[in-house]
Amino acid sequence: MSLLEYFTKDLKIMYKDLFNNTKNIDNFLTDKEVVFKTCSNIVKQEVNSKLMGWIFRRPLFKSIDDNLFFYETIQNEIVGFCICRYLKKTKVISIDKIGVNNNYRSNGIGFRLLNEVKKLGLPIKLDVVKENKRAVNFYKRNGFNVIGEKVLGKDIEAVSYTHLRAHETRHD
């Protein structure tokens, strides 16, 4: 067996083992780079359509380290995720990114991920690209209110939302 074959075999085993535990993040995220690539692939279409920004390693890895990365798996593969961070100054949870695999949309995955964030019991804020109507409607349906608008990057208009009743979760 060549070194490349050996590495590929180990990578497949590691990838399989990575997704065996879907609830305990401490046991789940043994290889952050695999998680990064999986999440990046989930949002690739929106990113290419300029409906969402890229995922960056540092915020994702910090979210994982801080236990503020939420995910859902189907058949041992991540099909939805939510990257969050705690803003110490304002004591607010910022949702930096939510993504659901196109093949699994409209199955309540986004609702369940959002409910996990709400269970933290803190106010939540997020920014959404204004043209991303699906995301805008999703947050409105889930009790988020517009608090402002801004420009992200190169002329991408975004809407800022907040959800102050963090204890409310929706059961779909």
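**Student:** For this particular structure, what's the right way to read the overall build of the protein?
**Tutor:** Looking only at helices and strands, one finds 6 helices and 6 strands in the protein. Listed by position from the N terminus, the elements making up the protein come as α-α-α-α-β-β-β-α-β-α-β-β. Looking at the 172 residues of the protein, the share that counts as buried comes to 40%. Intrachain contacts of the protein at a sequence separation of at least 6 include 55% that bridge at least 24 residues. Only carbon and sulfur atoms are counted for the fraction: they give 52% of the accessible area of the protein, which is about 10,500 Å².

**Student:** Looking at this structure, how should I read the packing of helix H3 (residues 32-48) against helix H4 (residues 57-65)?
**Tutor:** A pair of packed helices is characterised by two quantities: the angle between their axes and the separation of those axes. Their axes nearest at 10 Å, the elements H3 and H4 cross at an angle of 120 degrees. On the basis of their axis angle, the class for H3 and H4 is oblique. At the point where H3 passes H4, the crossing takes the right-handed sense. Contact residues: Lys-32, Glu-33, Val-35 and Phe-36 in H3; Arg-57, Leu-60, Phe-61, Ile-64 and Asp-65 in H4. In the contact of H3 with H4, the residues fall into 5 nonpolar, no polar and 4 charged.

**Student:** What exactly am I supposed to notice about the packing of aromatic side chains here?
**Tutor:** Centre-to-centre distance and the angle between the planes together describe a pair of aromatic rings. Tallying each qualifying case throughout the model produces 5 aromatic pairs. With centroids separated by 5.9 Å and ring planes inclined at 25 degrees, the aromatic side chains of Phe-69 and Tyr-71 adopt a geometry described as stacked. With a relative accessible area of 2%, Phe-69 lands in the buried category. Judged by centre distance (5.4 Å) and plane angle (70 degrees), the ring pair of Tyr-139 and Phe-144 falls under edge-to-face. By the burial criterion, Tyr-139 is buried, and Phe-144 matches it. Of the aromatic side chains, those joined through ring pairs into one cluster are Phe-111, Phe-138, Tyr-139 and Phe-144.

**Student:** Whenever I open this one, unusual backbone geometry confuses me. Can you help?
**Tutor:** Keep in mind that most residues, glycine aside, have a negative phi and that most peptide bonds are trans. Even without glycine at this site, Asn-67 takes up a positive phi of about 60 degrees. With respect to the helices and strands, the residue Asn-67 is situated in the loop between H4 and strand S1 (69-74). Although it is not a glycine, Gln-75 sits at a positive phi angle of roughly 50 degrees. For Gln-75, the position within the fold is in the loop between S1 and strand S2 (77-87).

**Student:** Sorry if this is basic, but what is going on with the pairing of S2 here?
**Tutor:** For a regular strand, the rule is simple: side chains alternate between the two faces of the sheet. Sheet topology note: the S1/S2 ladder contains 6 bridges and is antiparallel. Bridging across to S2, Phe-69 finds its partner in Ile-83. The turn joining S1 and S2, which pair antiparallel and follow one another in sequence, is formed by 2 residues; a positive phi near 50 degrees is taken by Gln-75. Where S2 and strand S3 (residues 92-100) come together, 8 bridges link them in antiparallel fashion.

**Student:** Would you mind going over the confidence of the model for the protein with me for this structure?
**Tutor:** Predicted confidence across the protein gives a mean pLDDT of 77, with 76% of residues reaching 70 or more. Segment residues 1-27 is flagged for pLDDT under 50; beyond a separation of four residues in sequence, or across chains, it makes 32 contacts in the model.

**Student:** What is the right way to look at the nonpolar core in this model?
**Tutor:** A general feature of soluble globular proteins is that nonpolar side chains tend to end up buried together. Core analysis: the largest hydrophobic core is formed by 23 residues, its most contacted members being Cys-82, Cys-84, Ile-95, Val-117 and Tyr-139. Residue assignment for this core shows that the elements contributing at least two residues are S2, S3, helix H5 (109-118), strand S4 (124-129) and helix H6 (133-141). Excluding residues within four positions of it along the chain, Cys-82 makes contact with Leu-68, Phe-69, Phe-70, Ile-95, Lys-97, Ile-98, Leu-113 and Val-117. Core analysis: the second largest hydrophobic core is formed by 15 residues, Val-35, Met-52, Tyr-71 and Ile-78 among them.

Procedures and definitions
Residues numbered from 1 in each chain as written. Predicted model: local features only at pLDDT ≥ 70, side-chain atom pairs only at ≥ 80, totals over all residues. Heavy atoms only, no water. Helix = DSSP H or I, 4+ residues; strand = E, 2+ residues; numbered from the N terminus. Buried < 20%, exposed > 50% of the residue type's maximum accessible area, 1.4 Å probe, protein only. Contact = heavy atoms within 4.5 Å. Areas by Shrake-Rupley, 256 points an atom, 1.4 Å probe, with all protein chains shown as cover. Axes fitted to C-alpha atoms, helices over the stretch in contact; angles between N-to-C directions. Parallel < 35°, antiparallel > 145°, perpendicular 65-115°, else oblique. Left-handed = near helix turned anticlockwise from the far one by under 90°. Nonpolar A, V, L, I, M, F, W, Y, C, P; charged D, E, K, R; others polar. Phe/Tyr/Trp six-rings, centres within 6.5 Å; stacked < 30°, edge-to-face > 60°. Pairing = 2+ DSSP bridges. pLDDT = per-residue confidence, 0-100. Core = buried A, V, L, I, M, F, W, Y, C linked by side-chain atoms within 4.5 Å.

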